Amino acid sequence: MTTLRERKAYRKAVLRSLYGAVECNRPDVSGATLRNELHVPDEDLTAACAFLVGEGLITVEWTSHSTPATVSLTHDGIRIMEEEEESESTTQGDR
């Protein structure tokens with residue numbers, strides 16, 4: 001069974017991967033790419049994506065097997081990731 005800490009880590013990893021893709025002018029990422037890049041089991045990737053869709057941070061085109069076919073950040077997802085990036089750079093600048 002996946003722990004809460006693992007679930008949160010998977011969600012954050014999905015967001016960071018998608019944000020990196022946006023920065024490289026790739027508006028969406030295939031579910032297979034995410035799975036391979038993040039080394040996340042199918043059921044955990046599906047759960048992370050479903051949660052993030054519910055939060056309005058990503059959009060997903062689902063396969064007939066209810067796994068992510070393509071995933072992309074929403075405007076709110078990009079905004080959240082930009083805020084996180086700004087926060088991290090401010091924190092690092094204080095050191």
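Now for a description of the structure that goes with this document. Treat the numbers as computed from the prediction; the structure is a model and nothing was measured. (Residues numbered from 1 in each chain as written. Predicted model: local features only at pLDDT ≥ 70, side-chain atom pairs only at ≥ 80, totals over all residues. Heavy atoms only, no water.)

1. Examining the nonpolar core
- Val-14, Leu-15, Leu-18, Leu-34, Ile-58 and Val-71 are the most contacted members of the largest nonpolar core, which totals 19 residues.
- Among the elements that make up this core, the one with the highest residue count is helix H1 (residues 4-23) (six residues).
- Dropping the residues within four chain positions of it, Leu-34 is found in contact with Val-14, Ser-17, Leu-18, Val-29, His-39, Leu-45 and Val-71. (Core = buried A, V, L, I, M, F, W, Y, C linked by side-chain atoms within 4.5 Å. Buried < 20%, exposed > 50% of the residue type's maximum accessible area, 1.4 Å probe, protein only. Helix = DSSP H or I, 4+ residues; strand = E, 2+ residues; numbered from the N terminus. Contact = heavy atoms within 4.5 Å.)

2. Topic: the pairing of strand E3 (residues 68-73)
- Note that strand E1 (residues 29-30) and E3 share two bridges and pair antiparallel. Paired with Ser-30 across the strands is Thr-70, a residue of E3.
- Pairing analysis gives five bridges linking strand E2 (residues 58-62) to E3, with the strands arranged antiparallel. Each bridged residue has a counterpart across the sheet, and for Val-60 the counterpart in E3 is Val-71.
- Between the end of E2 and the start of E3, which pair antiparallel, lie five residues, with Ser-66 showing a positive phi angle near 60°. (Pairing = 2+ DSSP bridges.)

3. Quick notes on the sheet that holds E3
- What the three strands build is an open sheet, ordered E1-E3-E2; its pairing is antiparallel. Among the strands making up the open sheet, the edge pair consists of E1 and E2.
- Helix-sheet contacts for H1 involve E1, E2 and E3, and the interaxial angle to E3 is about 70°. (Axes fitted to C-alpha atoms, helices over the stretch in contact; angles between N-to-C directions.)

4. Concerning the side chain of Asp-44
- In this fold, Asp-44 is placed in helix H3 (residues 42-54).
- An unpaired buried charge is present at Asp-44: no salt bridge exists, and Arg-7, the closest side chain of opposite charge, is 7.4 Å distant.
- If sequence neighbours within four positions are ignored, Asp-44 has contacts with Thr-2 and Tyr-10. (Lys, Arg positive; Asp, Glu negative; His and termini not counted. Salt bridge = Lys/Arg side-chain N within 4 Å of Asp/Glu carboxyl O.)

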